[in-house]
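Here is how the chains run, residue by residue.
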Amino acid sequence: MNYVSVIVTYNRKKLLLTALDSVLKQNPQPAKVILIDNHSTDGTESMIKESELMNNNLFRYVRLPENVGGSGGFSKGVELALEYDADWISLSDDDAVFEPDYFFNIGKVAQENSQIKAFAGTIKLPDGRIQLDQRNRITNWNYFSYQSVPQAEYRGNFEIDLFTFCGCVISTELIKQIGAPHDDFFIWYDDIEYALRIRLYSKIINASQAIITHHTHWVDVHSTYPADWREYYWIRNRTVTVKELGRNRLMVNVWLLLFIPVMFTRILRQSMYKHKRLHAMYVHLVGTRDAWIGKMGKNPKFLP
């Protein structure tokens, strides 16, 4: 498998060297590992420049002049990866540690399914559990509701509709056809939108024996409302995606019209929003408004 690996980082230097090392030691090795530093402020730049990585001709370090979010970082990384003569491009975050045979297993499944142009692998948490929310199937193609693939299916390979930018591997040929990830989403939903674009042209297969350990703090958002600043981007970017890619235009327009009334009713009724109802209503209203008026990129009102 001839591939370029793109990794995006922001203020997570503690695990970064381990994540990079896990890619550089793959068999087969990547043609290039491109690290996009989203203008980290935690000393990532000096750590990288003082490391042995700078002497490795497989490694390329790119520090951006400002933090453009995950979407901007992956968009830039894909743009640079296309400079190399590789058949595949992989995308991952700085908290993803690849098993040594990850790309070998992806390559094997790709050879068996030559018509497929996108693949993913199994994401596990540090405690060994499969992180099921990383690989999903669409249940409604108009407003893109989805559900996780059941754990039992991980005994073999399976088709998915959605992945996260955590170990996805995409044909360079297909990327040239559909373009790079949107650079103006900032964070969240950029991976879903990209997978939806891929699904217009190819199926996606999860190669279950290809494994990544995802060093993240996982929260079940279905039972707990986190009141996270990033939710604004999820709402805005999802609304934009529904407007652009929803299949049945009549149903899409009905969803767009009813989204705010339905969400406000849910926020007022469900106990998970208790003590956070005004925040939830404000975020949904502003995110939806900005999607309609085309206000994209970083919003200074919604930052950490």
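Let me begin by describing the structure that accompanies this report. (Residues numbered from 1 in each chain as written. Predicted model: local features only at pLDDT ≥ 70, side-chain atom pairs only at ≥ 80, totals over all residues. Heavy atoms only, no water.)

Once that is clear, we can look at the overall build of the protein chain. A tally of helices and strands in the protein chain yields nine helices and 12 strands. Computed over its C-alpha atoms, the radius of gyration of the protein chain comes to 19 Å, within 12% of the 19 Å expected for a compact globule of 304 residues. Each principal axis of the C-alpha distribution contributes one length, and for the protein chain these read about 55 × 45 × 40 Å. The 304 residues of the protein chain split such that 53% are buried. For the protein chain, the exposed area adds up to about 14400 Å²; of that, 51% sits on carbon and sulfur atoms. (Helix = DSSP H or I, 4+ residues; strand = E, 2+ residues; numbered from the N terminus. Rg over C-alpha atoms; globule rule 2.2 N^0.38 Å. Buried < 20%, exposed > 50% of the residue type's maximum accessible area, 1.4 Å probe, protein only. Areas by Shrake-Rupley, 256 points an atom, 1.4 Å probe, with all protein chains shown as cover.)

What follows is about the packing of helix α7 (residues 231-245) against helix α8 (residues 249-269). Between α7 and α8, the least distance of the axes is 10 Å, while the angle of their chain directions is 155 degrees. It follows from the interaxial angle that α7 and α8 lie roughly antiparallel. α8 is crossed by α7, and the crossing has left-handed handedness. Where α7 abuts α8, its residues I235, R238, T239, V242 and K243 lie against R249, V252, W255, L256 and F259. (Axes fitted to C-alpha atoms, helices over the stretch in contact; angles between N-to-C directions. Parallel < 35°, antiparallel > 145°, perpendicular 65-115°, else oblique. Left-handed = near helix turned anticlockwise from the far one by under 90°. Contact = heavy atoms within 4.5 Å.)

Spatial strand order, β8-β7-β10: three strands in an open sheet with antiparallel pairing. Strand pairing shows two members of the sheet lacking a second neighbour, β8 (145-148) and β10 (162-163), which therefore form its edges. Of the strand pairs in this sheet, strand β7 (residues 135-140) and β10 are connected by two bridges, and their pairing is antiparallel. Pairing of R135 across the sheet is with F163, part of β10. (Pairing = 2+ DSSP bridges.)

Such coordinate-based values are descriptive only and should not be taken to indicate function.
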